[in-house]
Amino acid sequence: MSKKMRDENTDRLIDGILTLKDREEAYLFFEDLCTVNEMLSLSQRFEVAGMLRRNYTYMDIAEKTGASTATISRVNRALNYGDGGYNTVLERVSSDL
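Residues numbered from 1 in each chain as written. Predicted model: local features only at pLDDT ≥ 70, side-chain atom pairs only at ≥ 80, totals over all residues. Heavy atoms only, no water.

Going by the annotation in an unreviewed UniProt entry, the name recorded for the chain is TrpR family protein YerC/YecD, with Shuttleworthella satelles DSM 14600 given as the source organism.

If you want it as structure tokens, here you go:
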């Protein structure tokens, strides 16, 4: 994570997220924490990441998710040059299915 993001408040937020026990608790927490649009944006980016890993084209991703090519490009850059967060979670979610 970028050093710009790491601070005491962010540590506390991450620690709080790690205490959530199931999907229902996560929904309750994120409904309080985020606006509907923020949550939809986060879930859209995660869907884009999964589709990129499955080698969908930008056009197909934009059509299915409604994401802009700028968003798709940003997610692609994170997948290829980021710290591996998307890949870690996508691998874990895929292995749970």
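1. A look at the pattern of salt bridges
What counts here: Each reported salt bridge corresponds to a side-chain nitrogen of Lys or Arg within 4 Å of a carboxyl oxygen of Asp or Glu. Here a strand is any run of E in DSSP of at least two residues, a helix any run of H or I of at least four, and the numbering for each starts at the N terminus. Per-residue accessibility, obtained with a 1.4 Å probe over protein chains only, is compared with the maximum for each type, and a residue is labelled buried under 20%, exposed over 50%, and partly exposed between these values.
On inspection of all chains with the given rule, the structure shows two salt bridges. Measuring nitrogen to oxygen at the nearest pair gives 3.6 Å for the salt bridge that ties Lys64 to Glu47. Here Lys64 is found in helix H4 (residues 58-65), whereas its partner Glu47 is found in helix H3 (residues 36-53), with 17 residues between them in sequence. On the basis of relative accessible area, Lys64 is assigned to the exposed category, the value being 57%. Looking at Glu47, the relative accessible area reads 31%, which means it is partly exposed. In this structure, Arg53 engages Glu91 in a salt bridge whose closest nitrogen and oxygen atoms are separated by 3.8 Å. Of this pair, Arg53 sits in helix H3 while Glu91 sits in helix H6 (residues 85-96), and the two are 38 residues apart along the sequence. Classification of Glu91 as partly exposed rests on a relative accessible area of 47%.

2. A closer look at the packing of aromatic side chains
For clarity, the cut-off: Two rings from Phe, Tyr or Trp (for Trp, the six-membered ring) form a pair when their centres are within 6.5 Å of each other. A pair whose planes differ by under 30 degrees is stacked, one over 60 is edge-to-face, and the rest are tilted.
Overall, the coordinates contain one aromatic pair when judged by the stated rule. Centre to centre, the rings of Phe29 and Phe30 are 5.4 Å apart; their planes meet at 80 degrees, and the pair counts as edge-to-face. By relative accessible area, Phe29 is classed as partly exposed at 28%.

3. Regarding the domain arrangement of the chain
The parts lose accessible area when they come together, and the size of an interface is often stated as this lost area. Just so we agree on the cut-off: Each domain's extent is set by a domain assignment, obtained either automatically or from a database.
Under the domain assignment, the chain is made up of domain 1 (1-33) and domain 2 (35-96). Measuring from the centre of the C-alpha atoms in domain 1 to the corresponding centre in domain 2 gives 20 Å.

4. Description of the packing of H4 against helix H5 (residues 69-81)
Test applied: Axes here mean lines fitted to C-alpha atoms, for a helix over just the part in contact, with angles spanning 0 to 180 degrees between N-to-C directions. Left-handed describes a crossing in which the near helix is turned anticlockwise from the far one by less than a right angle; the clockwise case is right-handed. Between two residues, a contact is recorded if the distance between any of their heavy atoms is within 4.5 Å. When residues are grouped by polarity, Ala, Val, Leu, Ile, Met, Phe, Trp, Tyr, Cys and Pro land in nonpolar, Asp, Glu, Lys and Arg in charged, and all others, Gly among them, in polar.
As a packed pair, H4 and H5 sit with axes 10 Å apart at the nearest point and diverge in direction by 115 degrees. The crossing of H4 and H5 is right-handed. For the pair H4 and H5, the contacting residues are Tyr58, Ile61 and Ala62 in the first and Thr69, Ile72, Ser73 and Asn76 in the second. Across the contact of H4 with H5, the residue classes tally to four nonpolar, three polar and no charged.

5. Here's the deal with a negative patch on the surface
As a reminder of what qualifies: Each patch is built from residues that are more than 30% exposed by relative accessible area and take part in no salt bridge. Like charges join if they lie within 9 Å; nonpolar side chains (Val, Leu, Ile, Met, Phe, Trp, Tyr) join within 5 Å. Throughout, the Shrake-Rupley method with a 1.4 Å probe supplies accessible areas, and for residues the shown protein chains are the sole cover considered. Residues scored as positive are Lys and Arg, those scored as negative are Asp and Glu, and His as well as the terminal groups of each chain are ignored. Think of each charge as sitting on NZ of Lys, CZ of Arg, CG of Asp or CD of Glu.
Taken together, Asp7, Glu8, Asp11 and Asp15 make up a surface patch of like negative charges. Mapped onto the elements of the fold, Asp15 is located in helix H1 (residues 8-18). Among the residues examined, Asp15 registers a relative accessible area of 48% and is labelled partly exposed.

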